[in-house]
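# An overview of the molecular structure
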Amino acid sequence: MSDDVFLALANPARRRLLELLADGPRTAGDLAEQFDMSRPAVAEHLQVLRRAALVHDEPVGRRRYYRLEAAPLKQVGDWLHPFERFWRERLRDMADLVEKEIPDD
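Residues numbered from 1 in each chain as written. Predicted model: local features only at pLDDT ≥ 70, side-chain atom pairs only at ≥ 80, totals over all residues. Heavy atoms only, no water.

Where an unreviewed UniProt entry is consulted, the protein appears under the name Metalloregulator ArsR/SmtB family transcription factor, with the organism given as Streptomonospora halophila.

### Section: the sheet that holds strand β3 (residues 63-68)
Within a beta sheet, neighbouring strands are joined by backbone hydrogen bonds and run either parallel or antiparallel to one another. Pairing is antiparallel in the open sheet, where 3 strands are placed in the order β1-β3-β2. If you trace the sheet from one side to the other, it starts and ends with β1 (26-27) and β2 (55-60), each paired once. Pairing between β1 and β3: 2 bridges, direction antiparallel. When the sheet's bridge partners are listed, Thr27 is paired in β3 with Tyr65. Packed onto the sheet, helix α2 (residues 12-21) meets β1, β2 and β3 and runs at close to 95° relative to β3. (Pairing = 2+ DSSP bridges. Helix = DSSP H or I, 4+ residues; strand = E, 2+ residues; numbered from the N terminus. Contact = heavy atoms within 4.5 Å. Axes fitted to C-alpha atoms, helices over the stretch in contact; angles between N-to-C directions.)

### Here's the deal with the packing of α2 against helix α4 (residues 39-51)
Two elements in contact, α2 and α4, have axes whose closest approach is 10 Å; the angle formed by their N-to-C orientations is 75°. With respect to each other, α2 and α4 are oriented roughly perpendicular. Counting all contacts with α2, which are made through Ala13, Arg14, Leu17 and Leu18, the residues of α4 involved are Val42, His45, Leu46, Val48 and Leu49. When grouped by side-chain class, the residues that make up the contact of α2 with α4 number 7 nonpolar, 1 polar and 1 charged. (Parallel < 35°, antiparallel > 145°, perpendicular 65-115°, else oblique. Nonpolar A, V, L, I, M, F, W, Y, C, P; charged D, E, K, R; others polar.)

Put into structure tokens, the structure is as follows:
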């Protein structure tokens with residue numbers, strides 16, 4: 001797994017692009033309409049995602065369709081998996097605290 005994937009995921013606009021593409025392929029224009037930024041700015045974000053192999057683009061006629069590439073995300077998930085125990089422990093501690101604070105009826 002390359003650092004490019006983590007750098008790409010560090011930006012909220014790029015994470016939003018991935019969320020949009022999780023629903024299926026979309027054109028660059030369709031994606032740009034979802035943001036309050038210029039089309040060239042969205043195109044730059046898509047290029048970063050493409051370099052990180054998180055998206056693939058395919059020309060269809062005069063349009064270019066982008067689709068999500070899930071393999072790098074699986075690698076990130078695999079890398080994060082050992083750290084899940086920390087989240088589970090904290091959530092369990094929080095649940096215990098809430099249960100102590102809320103009296104039973």
